[in-house]
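Residues per chain are reported as follows:
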Amino acid sequence: MNETNKAEWVEKLPLLQKIIEKKEVLWQNPLNADSATGIARSGITAADVKDASDRLKRFASYIAKVFPETAAANGIIESPITAIPKMKEALAATYETVIPGKLLLKQDNALPISGSIKARGGIYEVLKHAETLALEHGLIKQDDDYVKFADPEFRNLFATHKIAVGSTGNLGLSIGIMSAKLGFNVTVHMSADAKQWKKNLLREKGVTVVEYADDYSKAVEEGRRQAEADPLCHFVDDENSLDLFLGYAVAGERVAAQIKESGLHVDENNPLFVYLPCGVGGGPGGVAFGLKLQFGDNVHCFFAEPTHSPCMTIGMMTGLHDEVSVADFGLDNQTAADGLAVGTPSAFVGKKMDTLLEGCYTIADETMFKLLTMLVDTEEIRLEPSALAGMTGPIQVIRNEVPKSDSASVTHLVWATGGSMVPETEMDMYYGRGRIGRK
Ligand SMILES: *Cc1c(COP(=O)(O)O)cnc(C)c1O
């Protein structure tokens with residue numbers, strides 16, 4: 001994009017000027033419309049998501065066996081929803097903003113196996129691929145007990161097949177750990193910003209890690225190119241994968257069940273606002289889609305992005321999706337938020353969400369760190385920095401007077417996307433960084 005085009009866009013969409021200046025902003029999607037129409041337009045149906053959910057149930061006995069930490073939940077990989085009233089108080093005081101209703105945290109930081117939201121889509125896609133191969137080779141029927149996937153003949157089959165993925169870290173962990181467990185030959189193409197401990201952990205599990213001096217998009221591109229040359233290699237395409245999206249979308253029915261169980265209601269008079277940290281878009285997009293299927297117009301979904309990497313915000317505002325990057329607006333895509341350092345969004349996700357998403361907002365790295373420390377101090381919950389991006393959501397929607405956001409009966413659900421795998425020393429560093437400059 002040249003300077004003239006850039007100036008034209010800023011004139012058309014003045015909010016872009018603030019985005020260029022790296023201010024924390026909220027964008028309300030003017031195309032946001034009724035859910036039924038948006039879902040119909042997406043081409044993805046409730047039946048597609050149910051198919052994914054059923055597949056995860058078929059694999060539950062296997063998961064419970066090979067990942068004993070999931071045995072208590074019978075092999076279903078799910079996280080709790082936790083009320084955080086002390087954090088709500090601290091947030092309200094810090095931002096001098098009254099926050100009506102309830103503040104809840106969806107703790108994907110505590111998801112078993114890989115400790116982030118990627119344990120939804122990533123693990124699902126690997127399981128689906130394994131099932132497809134096992135069915136093709138006559139090793140299994142859909143009504144068998146899938147605990148058989150732990151048997152040697154399955155591992156022998158998968159050892160002749162490859163799985164590859166490009167990742168800034170967490171998707172690599174999820175795909176790598178699951179694929180290696182099944183016996184696949186798995187390669188993770190890692191961007192320069194990926195943390196050393198993630199690379200080490202993967203290598204310990206027998207995963208091949210290829211490192212790039214470049215950013216996420218480059219790692220994905222290289223991974224895709226190498227995989228395309230090999231018919232026995234399945235490439236997990238973070239930018240375009242329907243399976244990843246469906247795996248994430250299963251979260252919708254799980255949240256609906258948890259909300260019902262907790263005695264909360266979501267309806268016209270009791271709106272649910274959800275704040276989802278967004279990188280390339282698959283995780284938050286899939287989850288938001290699943291929530292729309294459950295709650296329709298009564299759920300209001302927002303994506304949260306770093307001020308240095310607001311790729312989905314820019315992509316959706318301009319409607320250019322993956323034909324625009326944050327660099328086109330002079331932003332450097334530098335952020336400490338793992339998984340969110342993405343310069344170009346998924347057009348696949350952006351187009352599915354174009355009338356289903358209520359808006360996007362941005363958050364500075366320093367705000368994430370401050371909130372990280374605040375959450376430890378108030379609730380003793382430890383998240384990685386990116387997982388805090390959702391936490392300013394309630395403040396943003398209330399201050400910008402988003403309809404219904406300040407009703408007394410609203411529920412604000414902050415999606416905490418990761419954290420439990422972070423080594424303690426690393427977490428102590430994050431905590432320290434958030435304390436600096438605090439009142
Ligand atoms: C990957 C990731 C996200 C965002 O998911 P995308 O599918 O890339 O949009 C958010 N938070 C964490 C911790 C992640 O690892």
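Model, not experiment: these values are computed from the prediction.

Draft legend 1. Representation of unusual backbone geometry in the model. One non-glycine residue, E96, adopts positive backbone phi at about 45°. Along the chain, the position of E96 falls in the loop between α6 (85–95) and β3 (102–107). Non-glycine residue E401 carries a positive phi angle of around 55°. Inspection of the secondary structure puts E401 in the loop between α18 (393–399) and β11 (411–416). Judged by its relative accessible area of 66%, E401 falls in the exposed class.

Draft legend 2. Structural detail: the sheet that holds strand β7 (residues 233–236). Taken together, 4 strands build an open sheet; the order of strands is β6-β5-β4-β7 and the sheet is parallel. With partners counted over all chains shown, the strands left at the sheet margins are β6 (208–211) and β7, one partner each. Taken pair by pair, the neighbouring strands of this sheet meet at an average axis angle of 20°, ignoring direction. By the bridge criterion, 4 bridges tie strand β4 (residues 162–167) to β7 in an arrangement that is parallel. By the bridge assignment for β7, A164 is matched with F235. Across the sheet, helix α9 (residues 170–182) touches β4, β5 (185–190) and β7, and the angle it forms with β4 is around 165°.

Draft legend 3. Geometry of the site of the ligand. Taken together, 15 residues sit near the ligand, with K118, N170, G281, G283 and T417 positioned nearest. The separation between an oxygen atom of the ligand and a polar side-chain atom of K118 is 2.7 Å. Residue G279 places a main-chain N or O atom 2.8 Å away from an oxygen atom belonging to the ligand. Isolated, the ligand exposes 370 Å² of accessible area, and the fraction of that covered by the protein chains is 99%. When atom positions are compared with the pocket grids, the ligand is found to occupy the largest cavity. Looking at the shell around the ligand element by element, the count peaks at 3 residues for helix α14 (residues 282–295). Grouping the amino acids of the shell around the ligand by side-chain chemistry returns 5 nonpolar, 8 polar and 2 charged.

Draft legend 4. Layout of the side chain of H189. Within the secondary structure, H189 sits in strand β5. Only 2.7 Å separates the side chain of H189 from the side chain of Y212, close enough to count as a polar contact. Sequence-distant contacts of H189, that is, excluding residues within four places in its chain, are made with A164, V165, G166, S167, V210, Y212, A219, G223 and Q226.

Draft legend 5. Molecular detail of the packing of aromatic side chains. Applying the stated criterion across every chain, the model contains 14 aromatic pairs. Note on F149 and F158: the rings are 6.2 Å apart at their centroids and 10° apart in plane angle, and the pair reads as stacked. Classification of F149 by relative accessible area gives buried; the value is 1%. An angle of 55° between the planes, with centres 6.5 Å apart, marks the rings of F154 and F158 as tilted. Here F154 pairs with F158, and both are found in helix α8 (residues 152–159), just 4 residues apart, close to one helical turn.

Draft legend 6. How the structure looks around the pairing of β5. Most of β5 is tucked away, with 5 of its 6 residues classed as buried. In this sheet, β5 lies alongside β4 in parallel orientation, the contact comprising 6 bridges. Opposite A164, over in β5, you have T187 as the bridge partner. The β-α-β motif built from β4, the intervening α9 and the parallel element β5 has right-handed crossover chirality. Of the pairings in the sheet, the one linking β5 to β6 comprises 4 bridges and is parallel in character. By the bridge assignment, M190 is partnered in β6 with E211.

Draft legend 7. Structural view of the layout of surface pockets. Looking at the largest pocket, its volume works out to about 160 Å³. Forming the walls of the largest pocket are A192, D193, A213, D214, D215, D332, N333, Q334, T335 and A341. Per-class residue counts for the lining of the largest pocket are 3 nonpolar, 3 polar and 4 charged.

Draft legend 8. A look at the packing of helix α7 (residues 118–136) against α8. Relative orientation of the contacting elements α7 and α8 amounts to 105°, with a least axis distance of 11 Å. Between α7 and α8, the angle is such that the two are roughly perpendicular. Between α7, through A130, L133 and A134, and α8, the contact on the second element is made entirely by F154, L157 and F158.

About the thresholds
- Residues numbered from 1 in each chain as written.
- Predicted model: local features only at pLDDT ≥ 70, side-chain atom pairs only at ≥ 80, totals over all residues.
- Heavy atoms only, no water.
- Helix = DSSP H or I, 4+ residues; strand = E, 2+ residues; numbered from the N terminus.
- Buried < 20%, exposed > 50% of the residue type's maximum accessible area, 1.4 Å probe, protein only.
- Pairing = 2+ DSSP bridges.
- Axes fitted to C-alpha atoms, helices over the stretch in contact; angles between N-to-C directions.
- Contact = heavy atoms within 4.5 Å.
- Near = heavy atom within 4 Å.
- Polar contact = N/O pair within 3.5 Å; in protein donor to acceptor, adjacent residues only side chain to side chain.
- Areas by Shrake-Rupley, 256 points an atom, 1.4 Å probe, with all protein chains shown as cover.
- 1 Å grid on protein atoms, 1.4 Å probe; cavity = no way out; pocket = protein on both sides within 12 Å on 5 of 7 lines; lining within 4 Å.
- Sits in = over half its atoms within 2 Å of the grid points.
- Nonpolar A, V, L, I, M, F, W, Y, C, P; charged D, E, K, R; others polar.
- Phe/Tyr/Trp six-rings, centres within 6.5 Å; stacked < 30°, edge-to-face > 60°.
- Right-handed = clockwise from strand over helix to strand, strands pointing away.
- Points joined across faces, edges and corners; volume = space filled by probe spheres on them.
- Parallel < 35°, antiparallel > 145°, perpendicular 65-115°, else oblique.

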